[in-house]
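# Coordinate analysis (summary)
Each chain, written out:
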Amino acid sequence: MSTFKAPKGTYDLIPPYSAKYLAVRDAISGPLRLSGYGYVETPGFEDVDLFARGVGESTDIVTKEMYTLTTKGGANLALRPEGTASVLRAALEANLHKAGGLPVKLWYSGSYYRYERPQKGRYRHFSQVGAEAIGAEDPALDAELIILADQAYRTLGLRNFRILLNSLGDQECRPVYREALQTFLRGLDLDEETVRRAEINPLRVLDDKRPEVQKQLAGAPMLRAYLCDACKAYHEEVRALITAAGVTFEDDEKLVRGLDYYTRTTFEFVHDGLGSQSAVGGGGRYDGLSEMIGGPALPSVGWALGVDRTVLALEAEGVELDIPAATSVFAVALGEAKPVLFGLVTELRKSGIAADISYGGKGLKGAMKDANRSGARFAVVAGDRDLAEGVVQLKDMESGEQSPVALAEVAEVLRAKLA
Ligand code: HAM
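Residues numbered from 1 in each chain as written. Predicted model: local features only at pLDDT ≥ 70, side-chain atom pairs only at ≥ 80, totals over all residues. Heavy atoms only, no water.

As named in an unreviewed UniProt entry, the protein is Histidine--tRNA ligase, taken from Streptomyces goshikiensis. In UniProt, the protein has this text filed under Catalytic activity (unreviewed entry): "tRNA(His) + L-histidine + ATP = L-histidyl-tRNA(His) + AMP + diphosphate + H(+)". (UniProt positions renumbered as here; feature names shortened; annotations may be inferred.)

Moving on, we get to the site of the ligand. Surrounding the ligand, one finds 27 residues, the nearest of these being E82, E116, Y123, E132 and Y262. Here a nitrogen atom of the ligand sits 2.8 Å away from a polar atom, N or O, in the side chain of E132. Contact with the protein chains removes 96% of the 660 Å² of surface that the ligand exposes when unbound. Of all the secondary structure elements, the ones that give two or more residues to the shell around the ligand are β6 (125-134), β10 (279-285) and β11 (300-306). Top element by residues in the shell around the ligand is β10. It accounts for six residues. Residue composition of the shell around the ligand, by class: eleven nonpolar, nine polar and seven charged. (Near = heavy atom within 4 Å. Polar contact = N/O pair within 3.5 Å; in protein donor to acceptor, adjacent residues only side chain to side chain. Areas by Shrake-Rupley, 256 points an atom, 1.4 Å probe, with all protein chains shown as cover. Helix = DSSP H or I, 4+ residues; strand = E, 2+ residues; numbered from the N terminus. Nonpolar A, V, L, I, M, F, W, Y, C, P; charged D, E, K, R; others polar.)

Our focus in this paragraph is the domain arrangement of the protein. The domain architecture assigned to the protein consists of domain 1 (18-173 + 227-317) and domain 2 (329-418). Here the C-alpha centre of domain 2 lies 47 Å away from the C-alpha centre of domain 1. (Domains from an automatic or database assignment.)

With that out of the way, let us pick up the packing of aromatic side chains. The geometry of an aromatic ring pair comes down to the distance between the two centres and the angle between the two planes. Within the structure shown, the criterion is met by 13 aromatic pairs. A cation over an aromatic ring shows up here: R264 above the ring of Y234, its NZ or CZ 4.7 Å from the ring centre. A cation over an aromatic ring shows up here: R377 above the ring of F378, its NZ or CZ 4.9 Å from the ring centre. (Phe/Tyr/Trp six-rings, centres within 6.5 Å; stacked < 30°, edge-to-face > 60°. Lys NZ or Arg CZ within 6 Å of the ring centre and 35° of its normal.)

As a further point, take the side chain of D208. Here D208 shows up in the loop between α9 (202-206) and α10 (211-217). Apart from the residues within four sequence positions on either side, D208 is in contact with T194, V213 and Q214. (Contact = heavy atoms within 4.5 Å.)

Annotation from UniProt places "domain: Aminoacyl-transfer RNA synthetases class-II family profile" (unreviewed entry) at residues 32-324. Along residues 32-324, the helical share is 39% and the strand share 22%, with 23 Å between the first and last C-alpha atoms.

A separate point is the packing of helix α14 (residues 338-350) against helix α17 (residues 410-418). Axis separation between α14 and α17 bottoms out at 10 Å; the angle between their running directions is 40 degrees. Taken together, α14 and α17 sit at an angle that is classed as oblique. The hand of the α14/α17 crossing is right-handed. Contact residues: α14 offers L344, E347 and L348, while α17 offers V410, A411, L414 and R415. Looking at the contact of α14 with α17 residue by residue, the class counts come to five nonpolar, no polar and two charged. (Axes fitted to C-alpha atoms, helices over the stretch in contact; angles between N-to-C directions. Parallel < 35°, antiparallel > 145°, perpendicular 65-115°, else oblique. Left-handed = near helix turned anticlockwise from the far one by under 90°.)

Taking burial as the measure, the ten residues of β6 include nine buried ones, the bulk of the element. Sheet analysis places β6 next to β11, joined by seven bridges and oriented antiparallel. Residue pairing in the sheet places Q128 in a bridge with G306 of β11. (Buried < 20%, exposed > 50% of the residue type's maximum accessible area, 1.4 Å probe, protein only. Pairing = 2+ DSSP bridges.)

A few words on the packing of helix α1 (residues 18-33) against helix α13 (residues 307-316). In contact at an axis separation of 10 Å, α1 and α13 are set at 105 degrees when each is read in the N-to-C sense. Considering the angle they form, α1 stands roughly perpendicular to α13. Contacts between α1 and α13 involve K20, Y21, V24 and R25 from the former and V307, D308, T310, V311, L314 and E315 from the latter. Classifying every residue of the contact of α1 with α13 gives five nonpolar, one polar and four charged.

Turning our attention to the sheet that holds strand β15 (residues 391-396). One open sheet accounts for five strands, arranged β13-β12-β14-β15-β16; its pairing is mixed. If you trace the sheet from one side to the other, it starts and ends with β13 (355-357) and β16 (402-406), each paired once. Between one strand axis and the next, the sheet turns by 25 degrees as a mean value, whatever way the strands run. α14 contacts β12 (329-333), β13, β14 (378-382) and β15 of the sheet and is inclined by roughly 160 degrees relative to β13. Sheet strands touched by helix α15 (residues 364-374): β12, β14 and β15. Its angle to β12, the strand with the most contacts, is close to 175 degrees.

Here we come to unusual backbone geometry. Following P15, the chain continues into P16 via a peptide bond in cis, with omega recorded as 5 degrees. Checked against the element boundaries, P16 lands in the segment before α1. Omega for the peptide link from L102 to P103 comes to 5 degrees, which places this bond in the cis form. Secondary-structure assignment places P103 in the loop between α5 (96-99) and β5 (104-113). Within the chain, R257 stands out as a residue other than glycine whose phi angle is a positive 75 degrees. By the secondary structure assignment, R257 is in the loop between β8 (250-251) and β9 (263-271). The exposure class of R257 is buried, given its relative accessible area of 12%.

Structure follows, in structure tokens:
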């Protein structure tokens, strides 16, 4: 035990458990890689204003949850609380929107930081896999992203998740709705902070979870009734395309999301086995974000799925991921056999076989314990007498059977057995 612990709200990923996280990241990114999305990686921190402007000055993320710092050079930075603003910033900086055709399709995977009150499923450091399709307004793109996330979850074996879908309107119809909602909210008995929020971003008030607020919100005007014809038609097309793909979803006209950049399509993946932190992923269209951060008009859509919560959801459903053992062959070298088996292990690794060897000068018993612990399918055991005869003992760790194999042939035999 060291004197230090992982900071509050964070946790370490330790083998073998950590393998689940890799498997989840692979499963989520797999469908994206097959659908024209290229990998993008951006810094862990950005200019604080990127998030203030992009995510929104009145959001919890910006007002309460950002880890900010001032560098020795005087730059104001924030650890990234989310990926969309950074990815769009990177795409604009690299002129990707001018380089080829639109949309620019990107995916990413990484760590994000929010100074939140920690609880199960809510951490101060967490990881997401995300996708952004930048520069095209096409209902098929919104549908594609929802279908790919659904596919990723189903491939993982997740069943009890639901997709909530809504449209938040556009710059034409949302201001009209906003006025109507604000007028309604001004007539309510709300605390000071909520009154302020109602003036800056009234839609967020709909998302207020407190019962005393929810009670007053009964009878609030709903955006659905205010959607302009273009937004309605767009939304219907998204719904039709997802339905045709066999993906089920629920219309949720109260779905607002915690980031301000959304327009039109918004959605959330929720899992009912997670308690209060039920959103495993979320996303939507953000047609105005590029202009908000100084770029040209580039209507875009994307999502991010939380890796931590996806792992919790898999556990809640009792899904065991098919994670191959880290090691296929384990070498146990006795006496003078170490350099020979070390050479064999190196050769096996070069040909793509996961191989390991016991270290630390252990005897047969201790080294065989290592072999068992490694989960290897085969053990290769050799001592001085074996080497003198030009053989090694090949042990099948499942059946326990052991037989001598010529040293010169063992690599080939193992390759064949493991193929
Ligand atoms: P978000 O809904 O804020 O959206 O986060 C997406 C997912 O990240 C959540 O559904 C959740 O699984 C995970 N997550 C968020 N905060 C935490 C936390 N404190 N602890 C554990 N997991 C967490 C976004 O971040 C948007 N950038 C998504 C997007 C991409 N929209 C368009 N493109």
